[in-house]
Amino acid sequence: MTTLLTIRRSGESPYPLAIDGTHFADPGDDVTKEVDTSSWWAVPGLADAHAHLTMQKPSDIHGMPEEQMLANIPAMAWAQVDRGVLLILDKGGASDITLLSLELPPGERPYVEVAGALIHPADGYVSGFGAEVEPDDLVDHIRTKAATRGGWVKIVGDWPRKGEGPRNNYSLERLTEAVDVAHSSGAKVAVHSMADSASDAVAAGVDSIEHGPFLTPDDLRLLAARGGAWVPTVVNMLDVLAFLGPDSSGGKLFVKGLERMRENLPLAEELGVTVLAGTDMAVPHGQVAVEAMRLREYGMSDRAAADAATVAAYRYIGRSDRLQPGDAADVVFFADDPHMDVTTLSRPMLIIRNGAVVGPRT
C-alpha cells in the first residue's frame, strides 16, 4: 500500500514518487492513494540550524527549572514540525537535557542533531547556564565530559566583561586542540561569536560560526574552502539590538555588526559559503521562514536565502535533500517556488513527516 505524489523542484521537471511506510519508493502497481501535488513546489523540509528545544524565548536562559526544560522539548519539537521545519540543529542548552530530543519518536519531532551543555569559562557567559570550563581545562573537558552523541559541541567564543567590552574566552591554540578532540569523537563544533572570536574560531577549524557579525572576508574564504557553515541569526541580532537599544555600548556593537552583515552575506553567497538559517528563539519555534526573509533583506538572493532555510542544511549534515526512492518520507509543499520568492516559505500547503501528513493545521 503506497501513496503517490508528484514532486516538482525548482529547476527540475516534475516526477512521480511514492510513499511506502516511512520512506519514499518508486511508484509501483500497489498504489492505493494519490495526492495531487502537481501544481505545488517541494522541498525536503524547512531547517532551523540554530534552535534550542529546551527553551521558548531568550529570557529562558536565566534559571529555568529542569522540569520546564523537559516539558518544553516535545512541545517545541512539535511546534517546529507543525510549521514544516523537519530538520533542527539544536545548538545546546543549560545542560545535557538537550539530548533527550533524540529520544522522541521520529513522527513527533524534526530530524535532530544537538549539542549538550554550552561550554564557557566562569565569566564567559550567563552564570549557571551550561558547563563552566576554564581555558586550561577545555580540551580535557571535551575529551572526557562533553556530550557528543548528538553530533555537536557548542563553545561560547566571546562575551562582554564589564568595563572592557567583549573578550575572547579561549585562545586560538586551545580552540584548535578542542576542535581536533571533538572531531576525533565524531562531533562537529559550533562557536558562538558576537565579536572578534570568529576569526580564531575559523582558523581553529570549527565547523559552524553562530552569529558571527564580525567575520572577515578572509574568514569567509577559508570557511568556503573547507565547507564550513555560517549561521548568521539576523533575526536574533535584530531582537537583541531592540532590547539593548542602539545607543547603548552593546547596541552600538550590534549596529556595527549588522552593517557588516550587509556586506558579508552577499560575499558569502558569491564565495559559496554554506549559509544556514537559524532563529535562536528570536521568533516562535517553527518560524525559520522569518530568518530566511531577513537573509534576503540583508543582501542574499531569494534562491540563496531559500536554500539556507531548506536544502543547504540537509546537504551540510550529509542528509539527502533529493526526494528520491530510499530517502526518508519527509516533504513540504508550497503553492509557489520559494526560490523565486522566499516569503513563500511561511505558507506551507502540505507537510509530510515520516510518511504521515502532519499539517499544516490551516
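Going by the structure above, here's the rest.
Calculation rules
Residues numbered from 1 in each chain as written. Predicted model: local features only at pLDDT ≥ 70, side-chain atom pairs only at ≥ 80, totals over all residues. Heavy atoms only, no water. Pairing = 2+ DSSP bridges. Helix = DSSP H or I, 4+ residues; strand = E, 2+ residues; numbered from the N terminus. Axes fitted to C-alpha atoms, helices over the stretch in contact; angles between N-to-C directions. Buried < 20%, exposed > 50% of the residue type's maximum accessible area, 1.4 Å probe, protein only. Arc of directions from axis to C-beta. Contact = heavy atoms within 4.5 Å. Phe/Tyr/Trp six-rings, centres within 6.5 Å; stacked < 30°, edge-to-face > 60°. Lys NZ or Arg CZ within 6 Å of the ring centre and 35° of its normal. Salt bridge = Lys/Arg side-chain N within 4 Å of Asp/Glu carboxyl O.

A. Geometry of the sheet that holds strand 4 (residues 31–34). Strand order in the open sheet made by the four strands is 3-2-1-4, with mixed pairing throughout. A single partner strand is all that each edge strand has here, and the edge strands are strand 3 (23–25) and strand 4. Each strand axis lies, on average, 40° off the axis of its neighbour in the sheet, ignoring direction. Summarising the sheet, strand 2 (residues 15–20) and strand 3 pair through three bridges and their orientation is antiparallel. Bridge pairing in strand 3 links isoleucine 19 to phenylalanine 24.

B. Looking closely at helix 5 (residues 217–226). Every buried residue belonging to helix 5 is among Asp219, Leu220 and Leu223, and all of these are buried. All buried residues of helix 5 fall inside an arc of 100° around its axis, so they share one side. Turned more than 90 degrees away from the buried face of helix 5, the exposed residues are Asp218 and Ala225. Of the surrounding elements, those touching the buried residues of helix 5 are helix 4 (197–204), strand 15 (208–211), strand 16 (229–231) and helix 7 (249–271). Just downstream of helix 5, glycine 227 is the residue with a positive phi angle, here 75°.

C. The arrangement of the packing of aromatic side chains in detail. Tallied over the entire structure, the rule returns four aromatic pairs. An aromatic cluster of at least three residues, connected via ring pairs, comprises Tyr125, Phe129 and Trp159. The aromatic ring of tryptophan 152 is capped on one face by lysine 91, whose charged end is 4.8 Å from the ring centroid. Lying over the aromatic face of tyrosine 316, lysine 188 brings its terminal NZ or CZ to 5.8 Å of the ring centre.

D. Structural detail: the side chain of histidine 52. The topology assignment puts histidine 52 in the loop between strand 6 (46–51) and helix 1 (66–82). By relative accessible area, which is 5% here, histidine 52 ends up buried. When near neighbours in sequence (up to four residues on either side) are disregarded, histidine 52 contacts Asp90, Lys91, Gly92, Asp280, Met281 and His285.

E. Local environment of the pattern of salt bridges. Scanning all chains against the criterion turns up 18 salt bridges. The shortest N-O distance in the salt bridge between glutamate 210 and lysine 91 comes to 2.9 Å. Linking glutamate 210 in strand 15 with lysine 91 in the loop between strand 7 (85–90) and strand 8 (111–115), this pair joins segments that are 119 residues apart in sequence. For glutamate 210, a relative accessible area of 0% translates into the label buried. Owing to a relative accessible area of 1%, lysine 91 belongs among the buried residues under this scheme. Between arginine 294 and glutamate 297 there is a salt bridge, with the nearest N and O atoms lying 3.4 Å from each other.

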